[in-house]
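# Report on the structure
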Amino acid sequence: MIIGLTGGIGSGKSTVARAFAALGAAWVDADDVAREIVAPGEPALEAISRRYGKAVLQQDGTLNRAALREIIFATPTEREWLESVTHPRVRERLLTHLERLQATPAAYVLLVSPLLFESGQDALVERCLVVDLPEALQRERTLARDNVSRDQVNAILAAQLSREKRLSHGCDVIDNSGDAAFMRQQVSALDARYRALAP
Ligand SMILES: CC(C)(COP(=O)(O)OP(=O)(O)OC[C@H]1O[C@@H](n2cnc3c(N)ncnc32)[C@H](O)[C@@H]1O)[C@@H](O)C(=O)NCCC(=O)NCCS
Ligand SMILES: Nc1ncnc2c1ncn2[C@@H]1O[C@H](COP(=O)(O)OP(=O)(O)OP(=O)(O)O)[C@@H](O)[C@H]1O
């Protein structure tokens, strides 16, 4: 069984996924896969450097992620262009990872993705799970973790589904507005449910 674990920036997806993994779940993170497909030599990186030039490359030829982030969250059409290059490749690579993970003894597999619905990756999963919290807390946790401005966090939030729209998909929900113990308690209950449901 593949479960899509989603939530906006800084909602706590990786933290929640690690709690599931501690109980034996397997997982793949779409953000990690999005990094794989822009490694040096990959066609997506060539397309990005053709469009934006050297400004989006570091001295060693790897992607300057902060520079590209500035461009795409300032201009929605540029973000759409980048997604048209990256999302099909992320999806293809996710399928390979999921196939590999399904062959492991784990009872179920998590596909962790900030853009599960926005990118159509929900077609790859049988159930979905939303990590939910008030947007203000999401913003504060992101600002505490990342070296980004409040304006940029707001631009990223604006490019993602709203809390209400994400919840409207009828997924299971983890309330991550409390402490780690509260989160782990919910993970443990869901793990038992998923094990009972897994074929
Ligand atoms: C713009 C990039 C280079 C910025 O890299 P950076 O290292 O600063 O951030 P990182 O990749 O870790 O992403 C951080 C968070 O930003 C948000 N985010 C990233 N891309 C997008 C997007 N296209 N739309 C909305 N939110 C996004 C997500 O919440 C993500 O968890 C990178 O995010 C990217 O390549 N994005 C396009 C690919 C994509 O859509 N990835 C999302 C998973 S499929
Ligand atoms: N219940 C919690 N209480 C306090 N802090 C938390 C909690 N859950 C997560 N955090 C913190 O919030 C930040 C965001 O969490 P995490 O990195 O897991 O989110 P994410 O959804 O994977 O983020 P992104 O997709 O943006 O990479 C981290 O610094 C994490 O330690």
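Residues numbered from 1 in each chain as written. Chains lettered and ligands numbered in written order. Predicted model: local features only at pLDDT ≥ 70, side-chain atom pairs only at ≥ 80, totals over all residues. Heavy atoms only, no water.

Going by an unreviewed UniProt entry, the protein carries the name Dephospho-CoA kinase and comes from Vreelandella subglaciescola. Listed under Subcellular location (unreviewed entry) in UniProt, the entry text for the protein is "Cytoplasm". Regarding the protein, the UniProt comment filed under Catalytic activity (unreviewed entry) reads as follows: "3'-dephospho-CoA + ATP = ADP + CoA + H(+)". (UniProt positions renumbered as here; feature names shortened; annotations may be inferred.)

Bringing the site of ligand 1 into the picture now. Around ligand 1, a shell composed of 20 residues is seen, among which Asp31, Arg65, Glu83, His87 and Gln160 lie nearest. Arg65 is positioned such that a nitrogen or oxygen atom in its side chain is 2.7 Å from an oxygen atom of ligand 1. Residue Gln160 places a side-chain N or O atom 2.8 Å away from an oxygen atom belonging to ligand 1. Considering ligand 1 on its own, with 770 Å² of exposed area, one finds that the protein chains cover 92% of that surface. Only α2 (30-36), α4 (65-74) and α5 (76-102) provide two or more residues apiece to the shell around ligand 1. Across the shell around ligand 1, the residue classes tally to 10 nonpolar, four polar and six charged. (Near = heavy atom within 4 Å. Polar contact = N/O pair within 3.5 Å; in protein donor to acceptor, adjacent residues only side chain to side chain. Areas by Shrake-Rupley, 256 points an atom, 1.4 Å probe, with all protein chains shown as cover. Helix = DSSP H or I, 4+ residues; strand = E, 2+ residues; numbered from the N terminus. Nonpolar A, V, L, I, M, F, W, Y, C, P; charged D, E, K, R; others polar.)

We now examine the pairing of strand β3 (residues 109-113). When you tally the buried positions in β3, you get five out of five residues, the bulk of the element. With burial as the criterion, each face of β3 is covered, one bearing Val109, Leu111 and Ser113 and the other bearing Leu110 and Val112. As judged from the five bridges shared by strand β1 (residues 2-6) and β3, these two strands associate in the parallel manner. Along β3, the bridge assignment pairs Ile3 with Leu110. Here strand β2 (residues 26-29) runs beside β3; their pairing, made up of four bridges, is parallel. The residue of β3 that forms the bridge with Trp27 is Leu110. (Buried < 20%, exposed > 50% of the residue type's maximum accessible area, 1.4 Å probe, protein only. Pairing = 2+ DSSP bridges.)

Let us look at the sheet that holds strand β4 (residues 127-132). Read from one edge of the open sheet, five strands run β2-β3-β1-β4-β5, paired in parallel fashion. Looking at which strands have only one partner, the edges of the open sheet turn out to be β2 and β5 (172-175). The sheet shows a mean angle of 25° between the axes of neighbouring strands, taken without regard to direction. Pairing of β1 with β4, which is carried by four bridges, proceeds in the parallel orientation. Its bridge partner being in β4, Thr6 is matched across the sheet by Val130. The strands that α5 touches are β1, β2 and β3; relative to β2, the one it contacts most, it runs at about 170°. (Axes fitted to C-alpha atoms, helices over the stretch in contact; angles between N-to-C directions. Contact = heavy atoms within 4.5 Å.)

Residues annotated by UniProt as "binding site: ATP" (unreviewed entry) correspond here to Gly10, Ser11, Gly12, Lys13, Ser14 and Thr15. Secondary-structure assignment places Gly10 in the loop between β1 and α1 (13-22). Here Gly10 is in contact with Gln138, Arg141, Thr142 and Arg145, once residues within four sequence places are set aside. Positionally, Ser11 belongs in the loop between β1 and α1. The exposure class of Ser11 is buried, given its relative accessible area of 0%. The residues touching Ser11, leaving out its near neighbours within four places in the chain, are Val131, Leu133, Gln138, Arg141 and Asn176.

Near ligand 2, the surroundings consist of 14 residues, among which Lys13, Ser14, Thr15, Arg145 and Asn176 are the closest. In this structure, Gly10 approaches ligand 2 through a main-chain N or O atom, which is 3.0 Å from an oxygen atom. In the environment of ligand 2, a nitrogen atom lies 2.9 Å from a nitrogen or oxygen atom belonging to the side chain of Asn176. Considering ligand 2 on its own, with 640 Å² of exposed area, one finds that the protein chains cover 73% of that surface. Those elements that provide at least two residues to the shell around ligand 2 are α1 and α6 (135-145). Take the shell around ligand 2: its biggest share by element is three residues, from α1. Split into classes, the residues belonging to the shell around ligand 2 amount to one nonpolar, eight polar and five charged.

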